[in-house]
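Close look at the chain arrangement
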Amino acid sequence: MSRLRTLVLALIALATVPEIAYACAVCFDGPGETRQAFFATTAFLSLLPLGMVAGTGAWLRNKARRADTDGSAESQDD
Amino acid sequence: MSSGSFAYPIEPRPAPVRRKPFVSSGVLGMLVFIFAEVMFFAGLISAHTIVKAQTAGGMWPPYGQPRLPVEETAINTAALLVSGIVLLLSWFAFRRERSSARIPLALSILLGGFFVYSQGLEWTALLGEGLTMQSSSYGGFFYLIVGAHALHAVGALAALVWAFFRLYKGLLTETQLATVAAFWYFVVLVWPVLYIQVYL
């Protein structure tokens, strides 16, 4: 019974209390230029680490492949 | 029921194949450090971009603040970029014959030293003109971003000087030079981004 009451209260709260919950009120404030700057820097800060990790991964993979190729060439020479 | 024991022939375990590491620990460690520093500068650039966008009337630099010496710093930037190229030449020379890397490495250090010295002179002049950390967000960001870079440049220069002395004594290894060079390349390559962001 108490579980049902909690669920109903939660549904009422969800339906009535917040309209939109902004994670950061500042990001949606100010003129269009500021908003654009927030979007641009968010994209920049999100993509930069992914790009660095992907780039390093590709570089290491390339190095490993080259090391394997060199190793197999050496063993064939033996 | 008898519990008979069987004697299986025990084959000697094959020795594990040890691959030669294709990236040295020094270079990998330096790359991790550089990633952290790239994110640090990315954070500063982002904050600067937002504050610049929020400035009333789009007036940047703010009214009453001195203008940054764009042309003089362009010369410093060129010196820093050339030092990076010379360091690359020193790397190739080192791989060919170790002692032949001395002159390009020394030249790279001198060019890097010129950059740091010139930036120091620029700071002195700007402080004289009234641009301080407290004068405005413009001044605050300038000293924070350019100062953070200068700190890295001094650290990387010290590492290059250390590498030069080891090279002079014939003790410098390829890994050590690669590690130190990676740090200097970071200092060199991040600067044009900061120059465009802060000065232009």
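So, here's what we can say about the structure. (Residues numbered from 1 in each chain as written. Chains lettered and ligands numbered in written order. Predicted model: local features only at pLDDT ≥ 70, side-chain atom pairs only at ≥ 80, totals over all residues. Heavy atoms only, no water.)

Regarding the layout of surface pockets
Its boundaries defined by the atoms lining it, the largest pocket holds a volume of some 1000 Å³. The wall of the largest pocket is formed by 26 residues, among which Trp59 and Lys63 of chain A together with Phe22, Val23 and Ser24 of chain B lie closest to the centre. Secondary structure elements with two or more residues in the lining of the largest pocket: α2 (32-77) of chain A together with α1 (25-54), α2 (70-96) and α5 (174-198) of chain B. It is α2 of chain A that provides the largest number of residues to the lining of the largest pocket, a total of 9 residues. (1 Å grid on protein atoms, 1.4 Å probe; cavity = no way out; pocket = protein on both sides within 12 Å on 5 of 7 lines; lining within 4 Å. Points joined across faces, edges and corners; volume = space filled by probe spheres on them. Helix = DSSP H or I, 4+ residues; strand = E, 2+ residues; numbered from the N terminus.)

Points about the pattern of salt bridges
All names here are of chain B. This structure, assessed with the given rule, holds 1 salt bridge over all chains. For Glu174, the salt bridge is made with Arg95, and the minimal N-O distance between the two is 3.6 Å. Placement of the pair is Glu174 in helix α5 and Arg95 in helix α2, with a sequence separation of 79 residues. (Salt bridge = Lys/Arg side-chain N within 4 Å of Asp/Glu carboxyl O.)

What to know about the interface of chain B and chain A
Opposite the 15 residues of chain B that make contact, chain A presents 17 residues. Taken together, both faces of the contact between chain B and chain A bury some 1500 Å²; the carbon and sulfur share is 80%. At the junction of chain B and chain A, the tally comes to 0 salt bridges. Along the contact surface separating chain B from chain A lie 0 residue pairs in polar contact (both at pLDDT 80 or more). (Contact = heavy atoms within 4.5 Å. Buried area = accessible area lost by both parts, 1.4 Å probe. Polar contact = N/O pair within 3.5 Å; in protein donor to acceptor, adjacent residues only side chain to side chain.)

Structural notes on the side chain of Thr77 of chain B
Among the structural elements, Thr77 of chain B can be located in helix α2. Among all residues touching Thr77 of chain B, those that are not within four sequence positions of it are Trp191 and Tyr195 of chain B.

Observations regarding the packing of aromatic side chains
Residue and element names in this part refer to chain B. Here the structure, examined in full by the defined rule, presents 12 aromatic pairs over all chains. Note on Trp191 and Tyr199: the rings are 6.0 Å apart at their centroids and 65 degrees apart in plane angle, and the pair reads as edge-to-face. Comparing Trp191 with Tyr199 shows no difference in burial state: the two are buried. Through successive ring pairs, a cluster of aromatic residues spans Phe115, Trp123, Phe142, Tyr143, Trp191, Tyr195 and Tyr199. (Phe/Tyr/Trp six-rings, centres within 6.5 Å; stacked < 30°, edge-to-face > 60°. Buried < 20%, exposed > 50% of the residue type's maximum accessible area, 1.4 Å probe, protein only.)

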